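Per-entry structural report
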Amino acid sequence: MQTFFVQIKCKLGKTYAVASELADREIASEIYSIAGDYDIIAKFHVDRDVDIGHFVAEKVQTIDDIADTRTIIPFKAF
């Protein structure tokens, strides 16, 4: 299993709509609204053979009202 995080910047006023659509797709294990340069951070788990770049492009970035994403791939959990 691979774990990674995606920070999501939404179009103005669309954070809750994006978070709801992300939740409806049932692809993220956790979704949080955050302060700072991005509006949402979501945690994902995918099988080892899944290409993270393709997953983000096809499953996350296709949500309407997303302006930008930043993928964070951790090395180790403590």
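See the structure printed just above.
Residues numbered from 1 in each chain as written. Predicted model: local features only at pLDDT ≥ 70, side-chain atom pairs only at ≥ 80, totals over all residues. Heavy atoms only, no water.

1. Some thoughts on the overall build of the protein
Helix and strand content of the protein: two helices and four strands. Going from the N terminus to the C terminus, the protein shows its helices and strands as β-α-β-β-α-β. Here the C-alpha coordinates of the protein stretch approximately 35 × 25 × 20 Å along the principal axes. On the protein, roughly 5,300 Å² of surface is accessible, and the fraction owed to carbon and sulfur atoms is 49%. Measuring between centres, the 9 positive side-chain charges of the protein sit 5 Å from its 13 negative side-chain charges. (Helix = DSSP H or I, 4+ residues; strand = E, 2+ residues; numbered from the N terminus. Areas by Shrake-Rupley, 256 points an atom, 1.4 Å probe, with all protein chains shown as cover. Lys, Arg positive; Asp, Glu negative; His and termini not counted. Charge placed at Lys NZ, Arg CZ, Asp CG, Glu CD.)

2. A closer look at the nonpolar core
In this structure, Phe4, Ile8, Leu22, Phe44 and Val60 are the most contacted members of the largest nonpolar core, which totals 18 residues. Ignoring sequence-local partners within four residues, the contact set of isoleucine 8 consists of Val18, Leu22, Tyr38, Asp39, Ile40, Val60, Ile66, Asp68 and Thr69. (Core = buried A, V, L, I, M, F, W, Y, C linked by side-chain atoms within 4.5 Å. Buried < 20%, exposed > 50% of the residue type's maximum accessible area, 1.4 Å probe, protein only. Contact = heavy atoms within 4.5 Å.)

3. Let's talk about the pattern of salt bridges
Here the structure, examined in full by the defined rule, presents two salt bridges. With a closest N to O distance of 2.9 Å, arginine 25 and glutamate 21 form a salt bridge. A residue pair is termed a helical-turn pair when its members lie 3 or 4 positions apart in one helix, as arginine 25 and glutamate 21 do in helix α1 (residues 15–25) at four residues. For glutamate 30, the salt bridge is made with lysine 43, and the minimal N-O distance between the two is 3.7 Å. Taken together, the residues glutamate 30 in strand β2 (residues 30–33) and lysine 43 in strand β3 (residues 40–46) connect sequence positions 13 residues apart. Overall, glutamate 30 belongs to the partly exposed group, its relative accessible area being 30%. A residue is classified by how much of its surface remains accessible, and lysine 43, at 22% relative accessible area, is partly exposed. (Salt bridge = Lys/Arg side-chain N within 4 Å of Asp/Glu carboxyl O.)

4. Structural notes on the environment of threonine 69
Along the chain, threonine 69 falls in strand β4 (residues 66–72). Look at threonine 69 and you get buried, because its relative accessible area is 15%. Sequence-wise, threonine 69 and isoleucine 41 are 28 residues apart; in three dimensions their C-alpha atoms are separated by 9.5 Å. Non-local contacts of threonine 69, meaning those with residues more than four positions away in its chain, are made with Val6, Gln7, Ile8, Tyr38, Val56 and Gln61.

5. Regarding helix α2 (residues 52–60)
Listing the buried residues of α2 in full gives Ile52, Phe55, Val56 and Val60. Relative to the axis of α2, the buried residues are bounded by an arc of 95° and lie together on one face. The backbone nitrogen of glycine 53 has a side-chain oxygen 2.9 Å away, supplied by the residue at the start of α2, namely aspartate 51. (Arc of directions from axis to C-beta. Polar contact = N/O pair within 3.5 Å; in protein donor to acceptor, adjacent residues only side chain to side chain.)

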